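Close look at the chain arrangement
Residue strings, one per chain:
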Amino acid sequence: MKSPFVSIIVPVFNDRERILPFISAVTSVLRPRYSQYEILLVDHGSSDGSMDVVDAMLRQIPSIRAVALATFRQQEIAISAGMDMAIGDVIVAMDLRTDPPEKIPAFVQAATEGKNAAFGICTNLQESLLVRRGSWIFHWYCRTFLHLQIPKHSVTFFALTRQALNAILRTRTSNHYIRLFQTFTGIAVDELPYEKTGPSPESFRDKSRIALDFILSHSSHPLRLIVFLGILASGLNLLYMMYVVMVYLFKDQVVEGWTTTSLQSGLMFFLLFSVFAVFAEYLGKQMNDRRSKDQYVILSEKSSVVFSEQKERNIVYQSEKTYGT
Amino acid sequence: MSNAIGVPPVDMLIIGGGFFGASIAIALRRMGCRRVVICERESRLGQRASLRNQARIHNGYHYPRDFVTAVRSHANYHRFLKEYASCIYDRFDHYYAIARQGSKVSAKQFWNLFRQMEAPIEVAPAAIRGLFDEYYIEEVFRVQEVMFDSCKLMDHVKEVCERLGVEIFLDTEVRYVRQTATGLEVDTCDVRTAEHRTFQTAHAFNVTYARINTLLRDSNLPPIVLQHEITELALVDIPPRLERFGVTVMDGEFFSLIPFPTRGLTSLSHVRYTPHFRWTDDGGEGEDVYNMLDRYDKRTHYPLMIQDATRYIPSLEGCLYRDSIWEVKAILPRNEENDGRPILVKKDHGIAGLHCIMGGKIDNIYDILQELPSVLASSIPEGQIPITARI
């Protein structure tokens, strides 16, 4: 069987020290197995000179593409951009801080010979109590109020064949679609266990931010809550207004001006909350209708430029047909 | 035609028999120069840069972000078509496809610009639109942009040279140029026999494109700062159902699949995979660029080109690879980041009478021909016929 063209997508954020060892490790895994591959480094806002390290690498190591995005610190958008730009038959996304390059062939094989999609499941997760509790609450909330079963697999270490990739590219509506790959495409996924090679870079605050962003992108549910409160508030004001009228009708010695003032503020608040509820409802509608486009802006794109001397010896390392050689 | 030292001196000696060199020779002869000589190191005219390119005659569509260049390309298009009518290849439909992501110009902007310029543009029919992947391509336009057959072009130019009495010395490599009391001495070498032959000339034009610095270095003259690229143009047979189909995907020319008339094949070039290696000649020590090209391990990037192209146009899967054309390109550092390709003119470079001319686009020829009088104006030697500007 023809060896597949493999694209490796690697988001980069302030990883100056880690890039070169990682790329060397990936290259040593890819080179003996695949006749064609590319490593796509997607920088999302590094400020430590990571891209200078990459520039130097482009002169030494072939088959690398380096893209810099204008987005700041958005790993999932970086992966998303990589998915748009990769040309391979199989794409593998991975986090250079935590994901083992030796596992790449297993992922590629699972995708090409299995269900078209393979996601990693971490077996040595070491999360703090706070993160574990937070994670449980998040999963519970999504299950109960959003009716979304969030899978436990990784969203940064996965492999997709081009068919699976095409399916998700066409159906995505926000940058968190990878988490819901199965839901959006209907494609079942293989889950491959792996061990993390380093600590997760995300703190509890980072994870909370991502969780909140997810909830807000995927439903207008919190908005619904607000709409409900708004209606409740305006309803209460209506009741209050009726109470004021009752007092006026049945009580003697009502203070001069109290009725008018109370009615006026009651009416104002009633209108305010009603208008507010309607606006919130429309906003929710807009959010659901809007399709996400132009999630990222590319600042620069560079490729390897390596001069390799013509080989003197007439030796090759593969018998398959390769054009021109 | 034998030529020993002492025979009537040359007025104009053109080093490099490509399209630019030969056209300049013709123009100089028409301007009234008595003896015009071309020295070309290959055994035929126009074997290097003139042949090894996409063979596109620009009509402006390639420069949507550069209004001035677009307008001037468009203006020159019809003039070129008229003058070289016998060398044109137009038996295909040319489409420009605008990509959704990464394109710095939108379909709307593209459309508006060329409507404004009154360059032919129309939305492609549904059958053609259907060849493109909807996700990656925003819009497809049909335009008017044809190719030239390099072989026929050079045959035409050669025929004009012979008719006007321009002398062509093939298999003749110019080794160096030296200043003498009376003008320039040009030392040449026959590449077959290693026999040397010297010319005395009033003016010499170095029109050797990417190899321009080899002559300068060998003559102990200052080299010109240039960017070089080793490029590969893949040649393929396209599937029968795409027989009349030619496409340029924009922006920044992602890739083009257009006829290559000289070989009866279709050329495929890709902005990422066509350049194999890039370097700067900063004017210090430097190696001959063709030497570097010979040394380079020429492994085709065709699999990469077609892998990417099929994402945009799945039918391209049926293409059959035939060959690759390799060449060294020269770009001015000032144009490294943009699409501009002006012609570099260095008159009296290092020594009086030696003029370096480097152009990057074949259809830009008229710009340099118009400039010739002013290149010569300041250094007309005694007894030379006064220059009249009409070419």
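Structure: above.
Every value quoted in this text rests on a predicted model; they were computed, and no experiment measured them.

**Let's talk about the overall build of chain A**
- Tallying secondary structure elements over chain A gives ten helices and eight strands in all.
- A compact globule built from 325 residues should have a C-alpha radius of gyration of about 20 Å, whereas chain A, at 28 Å, is more than 25% larger.
- Its C-alpha atoms give chain A principal-axis dimensions of roughly 115 × 40 × 40 Å.
- Sequence separation of at least 24 residues holds for 81% of the intrachain contacts in chain A that already meet a minimum separation of 6.
- Just so you have it, chain A exposes about 18400 Å², and 58% of that area is on carbon and sulfur atoms.
- Within chain A, the 30 negative side-chain charges are centred at a point lying 3 Å from the centre of the 33 positive side-chain charges.

**Remarks on the overall build of chain B**
- Helices and strands together make up the secondary structure of chain B, namely nine helices and 19 strands.
- Against the compact-globule benchmark of 21 Å for 391 residues, chain B has a radius of gyration of 22 Å, which places it among compact chains.
- A burial count over chain B gives 60% of its 391 residues as buried.
- Restricting the contact set of chain B to residue pairs at least 6 apart, pairs at least 24 apart contribute 74%.
- Counting every atom, chain B has about 16500 Å² of accessible surface; 48% of that belongs to carbon and sulfur.
- On chain B, the mean spot of the 46 positive side-chain charges and the mean spot of the 51 negative ones are 2 Å from each other.

**Some remarks on the side chain of E40(B)**
Residue and element names in this part refer to chain B.
- Among the structural elements, E40 can be located in the loop between β2 (36–39) and α2 (67–83).
- Nearest to the buried, unbridged E40 among oppositely charged side chains is R41, at 6.0 Å.
- Sequence-distant contacts of E40, defined by excluding residues within four places in its chain, comprise G16, G17, G18, L45, F169, L170, D171 and T172.

**Side note on the interface of chain B and chain A**
- Of the residues lining the interface, 25 residues belong to chain B; the matching set on chain A comes to 29 residues.
- Across the chain B/chain A interface, buried area totals approximately 2400 Å², and carbon plus sulfur atoms make up 52% of it.
- A per-residue breakdown of the area chain B buries against chain A is headed by Y135(B), R272(B) and Q307(B), which together make up 25% of the total.
- Taken together, the links from chain B to chain A amount to two salt bridges.
- The closest approach of N and O atoms between R272(B) and E301(A), which form a salt bridge, is 3.1 Å.
- Between the two partners, chain B and chain A, sit nine residue pairs in polar contact (both at pLDDT 80 or more).
- Secondary structure elements with two or more residues in the side of chain B that touches chain A: β16 (275–281), α7 (289–295) and α8 (302–312) of chain B.

**With respect to the environment of N124(A)**
Residues and elements named next belong to chain A.
- Structurally, N124 can be placed in the loop between β5 (117–122) and α5 (129–145).
- For the pair N124 and L225, spaced 101 residues apart in the sequence, the C-alpha separation amounts to 38 Å.
- Of the polar contacts made by the side chain of N124, one reaches the backbone nitrogen of K196; its length is 2.8 Å.

**Description of the packing of aromatic side chains**
Residue and element names in this part refer to chain A.
- A complete count under the given rule lists 32 aromatic pairs over all chains for this structure.
- Ring geometry for F107 and F157: centres 4.1 Å apart, planes at 20°, overall stacked. In this pair, F107 sits in helix α4 (residues 104–113) while F157 sits in the loop between α5 and β6 (158–161), placing the two residues 50 residues apart along the sequence. Note on accessibility: F107 and F157 belong to one class, buried.
- With a centroid separation of 6.3 Å and an interplanar angle of 25°, the aromatic rings of F269 and F273 are classed as stacked. Separated by four residues within a single helix, F269 and F273 lie in helix α10 (residues 258–289), roughly one turn from each other.
- You can call F269 partly exposed: its relative accessible area is 42%.

**Side note on the sheet that holds β6(A)**
Residues and elements named next belong to chain A.
- Spatial strand order, β7-β5-β6-β4-β1-β2-β3-β8: eight strands in an open sheet with mixed pairing. Looking at which strands have only one partner, the edges of the open sheet turn out to be β7 (190–194) and β8 (298–303). Sheet twist, expressed as the mean angle between neighbouring strand axes with direction ignored, is 20°.
- When strand β2 (residues 37–43) meets strand β3 (residues 64–69), the two strands line up parallel, connected through five bridges. Bridge pairing links V42 to V67 in β3.
- Docked against the sheet, α4 engages β1 (6–12), β4 (90–93), β5, β6 and β7, running at close to 140° with respect to β5.

**Things to note about the pairing of strand β15 (residues 265–270) of chain B**
Residues and elements named next belong to chain B.
- Within β15, six of the six residues are buried, which leaves it mostly tucked inside the rest of the structure.
- Of the strand pairs in this sheet, strand β12 (residues 226–237) and β15 are connected by three bridges, and their pairing is antiparallel. The residue bridging L235 from the neighbouring strand is S267, located in β15.
- Where strand β14 (residues 255–260) folds back onto β15 in an antiparallel hairpin, the turn is made up of four residues, including G264, whose phi is positive at roughly 65°.

**A word on the nonpolar core**
- Residues M83(A), L160(A) and F132(B) are the most contacted members of the largest nonpolar core, which totals 64 residues.
- Sequence-distant contacts of L160(A), that is, excluding residues within four places in its chain, are made with M83(A), D89(A), V90(A), I91(A), N116(A), A117(A), F119(A), L165(A), I168(A) and F181(A).
- Ranked by size, the runner-up nonpolar core spans 44 residues in total, among them F19(B), F20(B), L45(B) and L369(B).

**Focus on unusual backbone geometry**
- Backbone geometry at N116(A) places phi at a positive 75°, although glycine is not the residue there.
- Looking at where N116(A) falls in the secondary structure, it is placed in the loop between α4 and β5.
- Note on N116(A): relative accessible area 24%, which makes it partly exposed.
- Non-glycine residue D171(B) carries a positive phi angle of around 50°.
- Topologically, D171(B) is positioned in the loop between β8 (167–169) and β9 (172–179).

Conventions used here
- Residues numbered from 1 in each chain as written.
- Chains lettered and ligands numbered in written order.
- Predicted model: local features only at pLDDT ≥ 70, side-chain atom pairs only at ≥ 80, totals over all residues.
- Heavy atoms only, no water.
- Helix = DSSP H or I, 4+ residues; strand = E, 2+ residues; numbered from the N terminus.
- Rg over C-alpha atoms; globule rule 2.2 N^0.38 Å.
- Contact = heavy atoms within 4.5 Å.
- Areas by Shrake-Rupley, 256 points an atom, 1.4 Å probe, with all protein chains shown as cover.
- Lys, Arg positive; Asp, Glu negative; His and termini not counted.
- Charge placed at Lys NZ, Arg CZ, Asp CG, Glu CD.
- Buried < 20%, exposed > 50% of the residue type's maximum accessible area, 1.4 Å probe, protein only.
- Salt bridge = Lys/Arg side-chain N within 4 Å of Asp/Glu carboxyl O.
- Buried area = accessible area lost by both parts, 1.4 Å probe.
- Polar contact = N/O pair within 3.5 Å; in protein donor to acceptor, adjacent residues only side chain to side chain.
- Phe/Tyr/Trp six-rings, centres within 6.5 Å; stacked < 30°, edge-to-face > 60°.
- Pairing = 2+ DSSP bridges.
- Axes fitted to C-alpha atoms, helices over the stretch in contact; angles between N-to-C directions.
- Core = buried A, V, L, I, M, F, W, Y, C linked by side-chain atoms within 4.5 Å.

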